[in-house]
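Now for the letters of each chain:
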Amino acid sequence: MRPWRLLSSACLVLAVSHSALAQPAVQPSLTLGVVPQFPAVETQRRWLPVTESIGRACSVQIRLEISTDIPEFEGKFLDGKFELTYVNPYHAVMAHKAQGYVPLVRDGEKPLKGVLVVQKDSPIKRLSELSGSTIAFPAPNAFGASLYMRALLEREHQVRFIPDYVKTHGNAYRHVVKGEAAAAGGVMATFNAERPEIREQLRVLYETPGAAPHPLMAHPRLDTPIRRCITEHLTQASPTMSTLMAAIQMSQPVRADYARDYQPLEKLALEKYVVHGAT
């Protein structure tokens, strides 16, 4: 082969190699589903900065998918629609059993506690006084606000009540304010996040025992290196990350472990109170 042809071939190979190197790698696209505790706009405000931070750190694209209500959300994670999902503690059990989801990160500051609220000036002082009354709940399977709460009211306190499922924590609190329910189930985080004019009209009557808080979970199809990167990124100690994580109710993010944190909930035998496909 003539020298000029050798040189031309070499240049072509170098050009192709350079072009290949210049092409940006295609980033994996992940879907994140978040349990709808808050209105959609509020969920976006809290979570989008976190997803963007993860995307930059771990070279992934994350699409935040917001369900209209908890039953819709449950159907999606039970079918494995999300690569990442932020769920309540009993959802963690359901997701693990159904699809093998693995918890990555949870809050380590304080346990999750359900609260039962009544009107501030309500004459109700004891749980027994709620027998026969209507109690508003976000959804049947909202853990602290409904599932665990209903089980405790019936099993431990022998309270018979009429449940009214109103889709969100905010709706439940407002049902009490309007006099449409004698009490409402929620969790301390959503109660504290309520608008002052709503919160100031309510009084906490009862709190459930604590449980490990909501985890961020990964579907087993998500590659281990990406899971590891997400976990390490979210648990890093930095002022910026602390601010982002506090917005999603993880003021002190720590590594989560299914056997330690959520498997004990299996012993509560809450299956009786789980409602599949409820609206």
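A quick note: this is a predicted structure, and the numbers were derived from the prediction, not measured.

A look at the nonpolar core
Part 1: Core analysis: the biggest nonpolar cluster contains 70 residues, and L84, Y90, L116, L130, F143, I230 and L234 have the highest contact counts within it.
Part 2: A total of eight residues in this core trace back to one element, the largest contributor, which is helix α5 (residues 143-155).
Part 3: With residues up to four places along the chain from it excluded, the contact list for L84 reads L30, T31, L32, G33, I62, L104, L216, M217, A218, L222 and I230.
Part 4: Core analysis: the next-biggest nonpolar cluster, separate from the first, contains twelve residues, V115, V166, A172 and F191 among them.

Brief notes about the sheet that holds strand β10 (residues 215-218)
Part 1: Taken in spatial order, the six strands line up as β2-β1-β3-β10-β4-β11 in an open sheet, and their pairing is mixed. Looking at strand neighbours, the two that pair on one side only are β2 (61-66) and β11 (253-255), the edges of this open sheet. This sheet shows a mean twist of 25 degrees between the axes of neighbouring strands, independent of strand direction.
Part 2: Judged from the four bridges that link them, strand β4 (residues 102-107) and β10 form a sheet pairing that is antiparallel. Bridged to V102 within β10 is A218.
Part 3: With respect to the sheet, helix α9 (residues 224-234) is in contact with β1 (29-34), β3 (84-86), β4, β10 and β11, its orientation differing from that of β4 by roughly 5 degrees.

Some thoughts on the side chain of R46
Part 1: For R46, the location among the structural elements is in helix α2 (residues 40-58).
Part 2: Given a relative accessible area of 12%, R46 falls into the buried group.
Part 3: Those residues within four positions of R46 in sequence are excluded, and the remaining contacts are F38, A193, A247, I248 and Q249.

Focus on unusual backbone geometry
Part 1: Although it is not a glycine, K167 sits at a positive phi angle of roughly 85 degrees.
Part 2: Looking at the element boundaries, K167 is found in the loop between β7 (162-165) and α6 (169-177).
Part 3: A positive phi angle is found at Q249, which is not glycine, with a value near 65 degrees.
Part 4: For Q249, the position within the fold is in the loop between α10 (239-247) and β11.
Part 5: A residue is classified by how much of its surface remains accessible, and Q249, at 22% relative accessible area, is partly exposed.

Rules used in this analysis
Residues numbered from 1 in each chain as written. Predicted model: local features only at pLDDT ≥ 70, side-chain atom pairs only at ≥ 80, totals over all residues. Heavy atoms only, no water. Core = buried A, V, L, I, M, F, W, Y, C linked by side-chain atoms within 4.5 Å. Buried < 20%, exposed > 50% of the residue type's maximum accessible area, 1.4 Å probe, protein only. Helix = DSSP H or I, 4+ residues; strand = E, 2+ residues; numbered from the N terminus. Contact = heavy atoms within 4.5 Å. Pairing = 2+ DSSP bridges. Axes fitted to C-alpha atoms, helices over the stretch in contact; angles between N-to-C directions.

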